[in-house]
Amino acid sequence: MRDIDLPLPLARAILNPIFRVTLNKRLPFTVQRRLLDVTSRAQLLPAGAVVRPVRLGGRPAERIDFADSSEHGAVLYLHGGGYAVGSVATHRSLAARLARDIGCAVYVLDYRLAPEHPFPAALDDAEAAFLELVATSGLRPDQIAVSGDSAGGGLSLALAQRLIARHGQTPAALGLIAPWADPNEIPERERDLVINRPWSRACAAAYLGDSDSADPAYAPLTGELRGLPPTYVQVDVSELLHRQCIALVAALREAGVHVRFTESKGLWHVAQLQAALAAPAAAALCELAEFLREAIQPADLRELG
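Right, let's walk through the structure included here.

1. Some words on the pairing of strand S3 (residues 70–78)
The side chains of a regular strand alternate, residue by residue, between the two faces of the sheet. S3 sits mainly inside the fold: seven of its nine residues count as buried. As a crossover connection, the stretch from S3 through helix H3 (residues 92–102) into strand S4 (residues 104–109) is right-handed. Pairing analysis gives five bridges linking S3 to strand S5 (residues 144–149), with the strands arranged parallel. Across the sheet, Leu78 pairs through a bridge with Gly148, a residue of S5.

2. Some words on the pattern of salt bridges
Within this structure, the stated rule accounts for 19 salt bridges. Of the charged contacts, one joins Glu116 and Arg33 as a salt bridge, the two residues approaching to 2.9 Å between their closest N and O atoms. Residue Glu116 is located in the loop between S4 and helix H4 (121–137), and its partner Arg33 is located in helix H2 (residues 29–39); the two are separated by 83 residues in the primary sequence. The salt bridge partner of Asp65 is Arg52, with a shortest N-O separation of 2.9 Å. One end of the pair, Asp65, is in strand S2 (residues 59–65); the other, Arg52, is in strand S1 (residues 50–56), and 13 residues separate them in sequence. Here the salt bridges do not stand alone but share partners, grouping Arg52, Arg63, Asp65 and Glu71 into one network.

3. Quick notes on the pairing of S2
Most of S2 is tucked away: five of the seven residues are buried. As defined by bridge partners, S1 adjoins S2 across seven bridges and the pair is classed as antiparallel. Bridge pairing in S2 places Val54 opposite Ala61. Here S1 hands over to S2 after two residues, with Gly57 in that stretch at a positive phi of 60°. Bridge analysis of S2 against S4 gives four bridges, and the strand direction is antiparallel. If you follow Ala61 over to S4, its bridge partner there is Leu109.

Parameters at a glance
Residues numbered from 1 in each chain as written. Predicted model: local features only at pLDDT ≥ 70, side-chain atom pairs only at ≥ 80, totals over all residues. Heavy atoms only, no water. Buried < 20%, exposed > 50% of the residue type's maximum accessible area, 1.4 Å probe, protein only. Helix = DSSP H or I, 4+ residues; strand = E, 2+ residues; numbered from the N terminus. Right-handed = clockwise from strand over helix to strand, strands pointing away. Pairing = 2+ DSSP bridges. Salt bridge = Lys/Arg side-chain N within 4 Å of Asp/Glu carboxyl O.

Treat this as a map of the structure, not an account of what it does.
Next up, the structure:
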């Protein structure tokens, strides 16, 4: 099926009741997960995408690529969902579009979710997955980018910090879509189109469990930012996380990190998930793919291929 370019007001009108129902604090997280997996079936895969179940770091994952994908790089994608919901199914379409536009395999990790598995389970899983990719794929750390959205964006940031501090390994780049880099911060507003304050606070508490909220691995915005790889941050101005993303970008630049930052207007939280339905969301995802492609496969290497 071909992509549909819905007018943004119509897309917002369709999505609003879906997110109000699914991301609801009064629903058990297990029910939210099932609802999200069902609604994700409307997110179309691009033609030619090959989805293979694999395991990374002891966890289920999916490798998504195309017949002409390069073997000179890869992306580890960490899905969003407040560390409590989301799956490889909800983010399969987004990851497939990244794989197509970057031209390499994208691995989507099914990391453990809270509250059954609170912090640092998700970070431990992401660390193990990246290390296994390095050990088994023949790729260097600087040929593997890490990308994620919302909580997965915060997890991507925390992963890069841990890889540098513990293993001396720096990923090729970070691609962060509206990253939730500090779950301690309480949003000023009640809700945006997708997420709401009561739900996000419930997710933050579920993820923290009995750990210390001052741990920078839980809130990587407060951690060591120096030495991080080139980073792209995307956010819409309407999002609850907009202010936090601005703070993150400022902190990264102060730490000497090369940062690209774009603010959309008229989209919504992680609208890139609906790239098949709205052309501006697809355009934003293409920009992210271009950034990651350049980091993984510089122009001179692509020309050789």
